[in-house]
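Summary of the model geometry
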Amino acid sequence: MTSKSQKTKRTSGHSEDRVTNLEILHSSMRWHHMEHIATNLWNAYSSILSHQAMILSINSSFVNPLQQFEIQLEIIKSSFKMVFAISSLDKVKEVANSKREEEDMKSLYRRILNIYENTLLILVFKDLYKLQILKEMTVWMNEDSFYLQERAMVIISRVLNFASSKVRRYATVDAPCLGVLAAELSLLCSHSDPAITHQASLGMYFLLCIVKCQIVDILEKTGNCYRLPFPSDIEFLTNISQQDKAKIAQVSKIVDSIYNQLYENPSHIMKDAMLRVITLLTRTSPKKVIFQLMDYPVPADDTLILMWQAAGSEPSVAPHVLKTILLILKGKPGEIQDNVMDRRRSSLDTANMMPMAASQALCTLLPIGSYKKAMAQFFPQLLMALLLQHFYSSNMRLVTEARLFYARDALRVLLNCSGLQQVDIALKKQNCWSYFSQELFHHHGVYLIAKALGEFNFPQFPETLHYLYKLSVEGPRRSEDSVTTVIFLIELLNSFFKDPLPEEFLVLFRNWVNDSNPAVCKLSLHKIASMAPVINKIESASNLLLSVVNAFLSKDKTVIIRALLTLRRLLGKLDKVTYSSLCIKIASSYCPLMDHSNGGIRSMAIRHFGELLRDMSQYTWMLSNVVLRGLVPLILFLEDTETRVVKACKYTLAICASQLNLSLQFLLTDKHYNFEQVVLNICNNLLISQWHCITDLIADTLGFLASSKAYLRRASIILIGYLATLGGHLLLKDELQVMLEAIDPVLRDENAVIRELAGTTYKLFKKVSHKLTSSNVKQSFRRLFKFIYIKKLKLLYNYNCPKKLTDSPMENKETKNDKEGLEYENSEDSLRKNETLSSVLEYNLEEE
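Residues numbered from 1 in each chain as written. Predicted model: local features only at pLDDT ≥ 70, side-chain atom pairs only at ≥ 80, totals over all residues. Heavy atoms only, no water.

Turning our eyes to something else, we now look at the overall build of the protein. Summing up its helical and strand segments, the protein has 43 helices and two strands in all. Burial analysis of the protein (848 residues in total) assigns 55% to the buried set. Summed over its atoms, the accessible surface of the protein is roughly 38600 Å², and 52% of this surface lies on carbon and sulfur atoms. (Helix = DSSP H or I, 4+ residues; strand = E, 2+ residues; numbered from the N terminus. Buried < 20%, exposed > 50% of the residue type's maximum accessible area, 1.4 Å probe, protein only. Areas by Shrake-Rupley, 256 points an atom, 1.4 Å probe, with all protein chains shown as cover.)

Written out as structure tokens, the structure reads:
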């Protein structure tokens, strides 16, 4: 152990301050009298010898390295506070009574410092990893300015000098603490005491020599030939930081200090050394450095770009740098921070512009050769992050007016640096990059990029698909993010897969049908519709169809329309066995839509209901109850103000007529159509064949009496009058009382025609009420008589609907709004002719 110590002494070049073990023993005997003259000095000497013995014994033991280091660090900290608590040499010598005592005190004082230094040299000689102790020493000095002394800095610079000569003889260097140590020393370089500044500068120089060996080793392994400039003068870094030296040095403060000095003086004499510190800090604390570098005004100035380049010159941390940038890109530029005081970063303003800075930084970092491997590793994440960032930034006035399209530029750099130059060229020919910068064309631009990548069979497809699937399963951070993800995924699937898709992706589309974002719903429905030709090859076809049916519950009318078209297209190809198992549920789902506020949805739901009945003509017995449930809206909406709804009702009623044994074909023709005649015919036939459903039909009709639409109130008054007159014998007194209460408000309707019709219906209710008896026996006998002797009614109202009826202002407004659905009248034809993702995006663009 002693031989190792002596070897270390010889290597360090300070043999004049070293003594042999025999001399130590001799000196100890000589200095024993100091115990009574300089007690503090003697106690420190005794303790430092004891501490050195403990440290070196642990160093040679088989203790776990991490635990060994922690124990040694604790002992060294105790020695540090004891050694540097001793007064200066001048004050110590004041206690001496003679020249001999003064010399002995001086010798003992130096011996204490030498033992402490020797201990550090032995530890570093065995393991450069323990240079971290020097970093801890700077922290201890900052914790208490009392310990911030020249003699401590001398020891640090000497140990670094020794380490810098030692590293030249080793193939690899493991010293991960150098960045933080450089940061601490850089702060001390601006100390007010010139002696401390000088020693800190020396230490920084030796530290950079160690770093040089590390970088050379890394570059030899990675094949890079980047060379950092090294300073030739040890008097550098004298003005790096102007921060508060009483606190523990923070990376962000050092980075900010370097930025301020280089910004004020771009030709600073210490420019290269300052940029080297950025490189060192990036190696040790990449996340802190990158966050700070992204927290400056956008666009970045030349000084900041130089600092980005310095941070990017460290190949070993390229993955960590890109990870940090990806973390920043999760933010949304321009978002206002809720509480400035609670933010972890020292932003220059409350608006988060770091994502824009990160996009610009990628334009600088990605072309660096050492980032090629890391860029390939994070290609999918970078691709999607930049697509989303471009969408966010294109909404900002700052971006559009100043044309700061950094996300777009970074995206092009990513493509070109990833071997996808042909993709970039193809997109440029399509003017994609020009239109991509316009907010309204963003989603179409995403589609074009995904399509181009697929056409050129980009090699990153497996990783990109896996990442998109992961994003889709986990869900987006923001609702608007999902649109970009879905567009990109759909186009990639179209390029590389044939329908039907694997079940894993079908599950995604089923879930997206009910997404909170209407655009996502429509994109998913579009993709599902495209699988109609292979619907019978999908094992989970039933689940897929039911997910489309669930979209009928959406609050967005365009989603409902898209779902109706998609379902109809799928049913047209579905095998009868699966169709028959789902027909009741699907038919029932159409009924609520027959009364939808949008005319386009009403007409499609009614027509598709009829088409389902036609498809399932062999399963009439299964659908009879559903047909009766939809009968009331089918009758009432014959009076709709929109021609397409009326035509749909006539079409579906004609199909229902065969199901219910009704003779309506003649009355439904335009030439012979009369609403009251149709109602009378249906009611007369229902009384014969479906008498048991009369009360249910009455209940359904009552719900339309309070409608805001005049034509529905008018039609429901007529229908319920006939149902009550024909089926009055089936009603109970309580039921009739409810009907009288429901008709009462209509008697005061603002429309004169409706008031007149309501008065007639009210009289009919009263007439039925008088015929009801309190005796259950008599009532039962009367019902039996009615079943035996059925008498068909004649017209009760003699009502002829005028061609133009003035309704309430509210209805006129709603009718105008219903016209918005007119463009969907021929949607089914267009869906079959030219249904591509591009067309869906173009339609969405028109909506926006």
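Counted by the stated rule, this structure contains 16 salt bridges. Salt-bridge contacts for Arg 510 lead to Glu 503; the nearest nitrogen and oxygen are separated by 3.2 Å. A salt bridge links Arg 644 to Glu 642; the nearest nitrogen and oxygen atoms lie 2.6 Å apart. No difference in accessibility class separates Arg 644 from Glu 642, as the two residues are buried. Residues participating in the shared-partner salt-bridge network are Arg 568, Glu 611, Arg 614 and Asp 615. (Salt bridge = Lys/Arg side-chain N within 4 Å of Asp/Glu carboxyl O.)

This part takes up the packing of aromatic side chains. Applying the stated criterion across every chain yields a total of 16 aromatic pairs. Note on Phe 125 and Phe 162: the rings are 6.2 Å apart at their centroids and 35° apart in plane angle, and the pair reads as tilted. Of this pair, Phe 125 sits in helix α7 (residues 99–126) while Phe 162 sits in helix α9 (residues 150–166), and the two are 37 residues apart along the sequence. Both residues of the pair, Phe 125 and Phe 162, belong to the buried class. Taking 6.4 Å as the distance between ring centres and 85° as the angle between the ring planes, the aromatic pair formed by Phe 637 and Phe 704 counts as edge-to-face. One end of the pair, Phe 637, is in the loop between α33 (620–636) and α34 (643–660); the other, Phe 704, is in the loop between α36 (694–702) and α37 (710–726), with 67 residues separating them in the sequence. (Phe/Tyr/Trp six-rings, centres within 6.5 Å; stacked < 30°, edge-to-face > 60°.)

So, about the confidence of the model for the protein. In the predicted model, the protein carries a mean pLDDT of 77, and 76% of its residues have values of at least 70. When mean pLDDT is compared element by element in the protein, helix α30 (residues 557–571) scores highest at 94, while helix α1 (residues 2–12) scores lowest at 41. Counted against residues more than four places away or in other chains, residues 1–20, with its pLDDT under 50, gives 32 contacts. Segment residues 218–249 is flagged for pLDDT under 50; beyond a separation of four residues in sequence, or across chains, it makes 66 contacts in the model. (pLDDT = per-residue confidence, 0-100. Contact = heavy atoms within 4.5 Å.)

Bringing helix α28 (residues 518–530) into the picture now. A rise of 1.5 Å per residue sets the reference length of α28, with its 13 residues, at 18 Å; its end C-alpha atoms lie 19 Å apart and thus fit the reference within 8%. Counting buried residues along α28, 11 of its 13 residues qualify, which places the element largely inside the surrounding structure. By the burial criterion, the buried members of α28 are Ala 519, Val 520, Cys 521, Lys 522, Leu 523, Ser 524, Leu 525, His 526, Lys 527, Ile 528 and Ala 529. Backbone nitrogen of Ala 519 and a side-chain oxygen of the N-cap are separated by 3.0 Å at the start of α28; the cap is Asn 517. (Expected span 1.5 Å × (residues − 1). Polar contact = N/O pair within 3.5 Å; in protein donor to acceptor, adjacent residues only side chain to side chain.)

This part is about the packing of helix α17 (residues 354–365) against helix α21 (residues 406–417). It is at 8 Å that the axes of α17 and α21 come closest, and there the two elements cross at 30°. In this view, α17 runs roughly parallel relative to α21, as classed from their interaxial angle. The handedness of the crossing between α17 and α21 comes out as left-handed. Note on element contacts: α21 touches α17 through Tyr 406, Ala 407, Asp 409, Ala 410 and Val 413, opposite Met 356, Ser 359, Gln 360, Leu 362 and Cys 363. (Axes fitted to C-alpha atoms, helices over the stretch in contact; angles between N-to-C directions. Parallel < 35°, antiparallel > 145°, perpendicular 65-115°, else oblique. Left-handed = near helix turned anticlockwise from the far one by under 90°.)

One can describe the packing of helix α10 (residues 178–188) onto helix α13 (residues 271–284) by two numbers: an axis separation of 7 Å at closest approach and a directional angle of 135°. The angle between α10 and α13 places the two elements in the oblique class. The interaxial crossing formed by α10 with α13 has left-handed handedness. Between α10, through Leu 178, Gly 179, Val 180, Ala 182 and Ala 183, and α13, the contact on the second element is made entirely by Leu 280, Leu 281, Arg 283 and Thr 284. Class assignment for the residues of the contact of α10 with α13 results in six nonpolar, two polar and one charged. (Nonpolar A, V, L, I, M, F, W, Y, C, P; charged D, E, K, R; others polar.)

Here Ser 524 shows up in helix α28. Assessed through its relative accessible area of 0%, Ser 524 is described here as buried. Beyond its immediate chain neighbours, meaning those up to four positions away, Ser 524 contacts Phe 509, Trp 512 and Val 513.

Our focus in this paragraph is the environment of Gly 454. Looking at where Gly 454 falls in the secondary structure, it is placed in helix α24 (residues 442–455). Of the residues examined, Gly 454 reaches a relative accessible area of 13% and is grouped as buried. Separated by 38 residues in the primary sequence, Gly 454 and Leu 492 have C-alpha atoms spaced 6.2 Å apart. Excluding anything up to four places from it in sequence, Gly 454 contacts Ser 495 and Phe 496.

Our focus in this paragraph is unusual backbone geometry. Residue Pro 299 is bonded to the preceding Val 298 through a cis peptide linkage, with omega at 0°. By the element assignment, Pro 299 lies in the loop between α14 (286–293) and α15 (302–312). Despite not being glycine, Asn 431 shows a phi value in the positive range, around 60°. Within the secondary structure layout, Asn 431 lies in the loop between α22 (421–429) and α23 (432–436). Residue classification places Asn 431 among the partly exposed positions, given a relative accessible area of 39%.

Core analysis: the largest hydrophobic core is formed by 262 residues, its most contacted members being Tyr 116, Leu 131, Leu 160, Met 294, Ile 449, Phe 488 and Phe 609. Those residues within four positions of Met 294 in sequence are excluded, and the remaining contacts are Trp 308, Ile 325, Ile 328, Met 354, Ala 357, Ala 358 and Ala 361. (Core = buried A, V, L, I, M, F, W, Y, C linked by side-chain atoms within 4.5 Å.)

Within the element layout of this structure, Gln 292 appears in helix α14. Classification of Gln 292 as buried rests on a relative accessible area of 7%. With 38 residues separating them along the chain, Gln 292 and Ile 254 place their C-alpha atoms 9.8 Å apart.

Look at α21: 16 Å from first C-alpha to last across 12 residues, which is about the 16 Å you get at 1.5 Å a residue. When α21 is considered as a whole, its buried residues turn out to be Tyr 406, Ala 407, Arg 408, Ala 410, Leu 411, Val 413, Leu 414 and Leu 415. Those residues of α21 hidden inside the fold are in contact with α17, α18 (372–377), α19 (379–393), α22, α23 and α24. Gly 419 sits one or two residues past α21 and shows a positive phi near 80°.

Right, let's get into the environment of Ile 305. For Ile 305, the location among the structural elements is in helix α15. Spatially, the C-alpha atoms of Ile 305 and Leu 293 are 9.3 Å apart, while their sequence positions differ by 12 residues. Not counting the four nearest positions on each side in its chain, Ile 305 is found in contact with Ala 300 and Thr 364.

A few words on the state of the cysteines. By the definition in use, this model includes zero disulfides. Sulfur of Cys 656: no disulfide; nearest cysteine sulfur belongs to Cys 591 and is 9.6 Å away. (Disulfide = S-S within 2.5 Å.)

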